[in-house]
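Structural overview for review
Letter by letter, the chains look like this.
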Amino acid sequence: MHPAILRIAALTLLAAAMCACEKSTPTPTEPEATPATTIDAVTTTATPVPPAPVAPAVVGNSEQGRLRVYTCTGCHGIAGYRNVYPTYHVPKIHGQNAQYLITALTAYREGQRQHPTMQAQGESLGDQDIADIAAYLSSAAQH
């Protein structure tokens, strides 16, 4: 089944469960709420919240990146050749700094950098794809 359909089904079930909880009325065995003016020392004690786990950094694979950059060379050029837009400046990306490439591709993907073609390319890339492309383009192997 398509992931989007599963996600919608899960959210629908969650919403239904939340609505059912909100509609329930307290039973006679449940304690009544304390007045708003009463302060209970137990409820004011803060419980430390553990820090959120940090996702491990994505490590780029140059060989996988080599396979992914085939769509890049049409505009950005191939070493020793000119790009297809002689009157429009398209930067050469071979040898560019890896972190710069990651930042730029991520910004295109998120819509923070504006260029229709690059945004379309970026939208199709995941974090691993971007790291792989950056690893390959920043390496000296293709010069």
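Coordinates for the structure precede this section.
Residues numbered from 1 in each chain as written. Predicted model: local features only at pLDDT ≥ 70, side-chain atom pairs only at ≥ 80, totals over all residues. Heavy atoms only, no water.

Considerations on the pattern of salt bridges
One pass over the full model with this rule turns up four salt bridges. Salt-bridge contacts for Asp-129 lead to Arg-68; the nearest nitrogen and oxygen are separated by 3.7 Å. With Asp-129 in helix α7 (residues 127-138) and Arg-68 in helix α3 (residues 62-68), this residue pair connects regions lying 61 residues apart in the sequence. Among the residues examined, Asp-129 registers a relative accessible area of 23% and is labelled partly exposed. (Salt bridge = Lys/Arg side-chain N within 4 Å of Asp/Glu carboxyl O. Helix = DSSP H or I, 4+ residues; strand = E, 2+ residues; numbered from the N terminus. Buried < 20%, exposed > 50% of the residue type's maximum accessible area, 1.4 Å probe, protein only.)

Remarks on the nonpolar core
Ranked by size, the top nonpolar core spans 13 residues in total, and within it Val-69, Ile-93, Leu-101, Leu-105, Leu-125, Ile-133 and Leu-137 carry the most contacts. Put simply, the parts of the chain that give this core at least two residues each are α5 (98-110) and α7. At five residues, α7 tops the list of elements feeding residues into this core. Each residue touching Ile-93, except ones within four places of it in the same chain, is listed here: Cys-72, His-76, Leu-101 and Leu-137. (Core = buried A, V, L, I, M, F, W, Y, C linked by side-chain atoms within 4.5 Å. Contact = heavy atoms within 4.5 Å.)

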